Amino acid sequence: MRTRIFSLDEMERYVGRPDREEVSTNRAQLQAAAAFLREILPRALTQRQLECVKLYYYQRMTMEAIGRELGISKPTVCRHLQRARRRLERSLTTAKLARDLLGRGG
């Protein structure tokens, strides 16, 4: 059975969204996760997915505004963000498996 380890809500919690209140009892853990996410983004995503993620999550633009800026439609922006989340989920799963294997080996 496949376990979902990276949801939209988790991504928004790590990078922040102006329309959502951040509720956290462990700010250091969230900051570490955000730093890891910034490190893995360029390696895990295509250039267009990375542009959409940066504009949506970091610059807090709407999908409509991103579409206008990049010359693509809102549904295409949405698709890029969905695919980016899936790629990140796979990358994080791989990173977690590698960490678990290394942890058991040492």
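It should be noted that the structure appears before, not after, this text.
Computed from a predicted model, the values in this text were never measured in an experiment.

Rules used in this analysis
Residues numbered from 1 in each chain as written. Predicted model: local features only at pLDDT ≥ 70, side-chain atom pairs only at ≥ 80, totals over all residues. Heavy atoms only, no water. Helix = DSSP H or I, 4+ residues; strand = E, 2+ residues; numbered from the N terminus. Buried < 20%, exposed > 50% of the residue type's maximum accessible area, 1.4 Å probe, protein only. Contact = heavy atoms within 4.5 Å. Areas by Shrake-Rupley, 256 points an atom, 1.4 Å probe, with all protein chains shown as cover. Salt bridge = Lys/Arg side-chain N within 4 Å of Asp/Glu carboxyl O. Core = buried A, V, L, I, M, F, W, Y, C linked by side-chain atoms within 4.5 Å. Expected span 1.5 Å × (residues − 1).

Draft legend 1. Just the overall build of the protein, in detail. A tally of helices and strands in the protein yields five helices and zero strands. Taken across its 106 residues, the protein has 33% of its residues classed as buried. For the protein, long-range pairs separated by at least 24 residues make up 61% of all intrachain contacts whose partners lie at least 6 apart in sequence. As presented, the protein carries roughly 7300 Å² of accessible surface, and 50% of it is formed by carbon and sulfur atoms.

Draft legend 2. Focus on the pattern of salt bridges. Under the criterion given, the structure shown has three salt bridges. Between Glu-51 and Arg-48 there is a salt bridge, with its nearest N and O atoms 3.0 Å apart. Placement of the pair is Glu-51 and Arg-48 together in helix H3 (residues 47–58), with a separation of three residues, close to one helical turn. Taking relative accessible area as the criterion, Arg-48 reaches 29% and is therefore assigned partly exposed.

Draft legend 3. The nonpolar core, seen in detail. In terms of nonpolar packing, the biggest core is built from 20 residues, with Leu-41, Leu-45, Val-53, Ile-66, Leu-81 and Leu-88 touching the most fellow members. Those elements that provide at least two residues to this core are helix H2 (27–44), H3, helix H4 (63–70) and helix H5 (74–105). For this core, the element with the most residues is H3, which contributes six residues. Every residue in contact with Leu-41, bar those within four places of it in the chain, is listed here: Leu-50, Val-53, Tyr-58 and Leu-88.

Draft legend 4. Seen up close, unusual backbone geometry. A positive phi is found at Arg-60, a non-glycine position, where the angle reads about 60°. For Arg-60, the location among the structural elements is in the loop between H3 and H4.

Draft legend 5. Summary view of H3. Between its first and last C-alpha atoms H3 spans 16 Å; for 12 residues at 1.5 Å apiece the expected length is 16 Å, and the two agree. A positive backbone phi angle near 60° is found at Arg-60, which sits one or two residues after H3.

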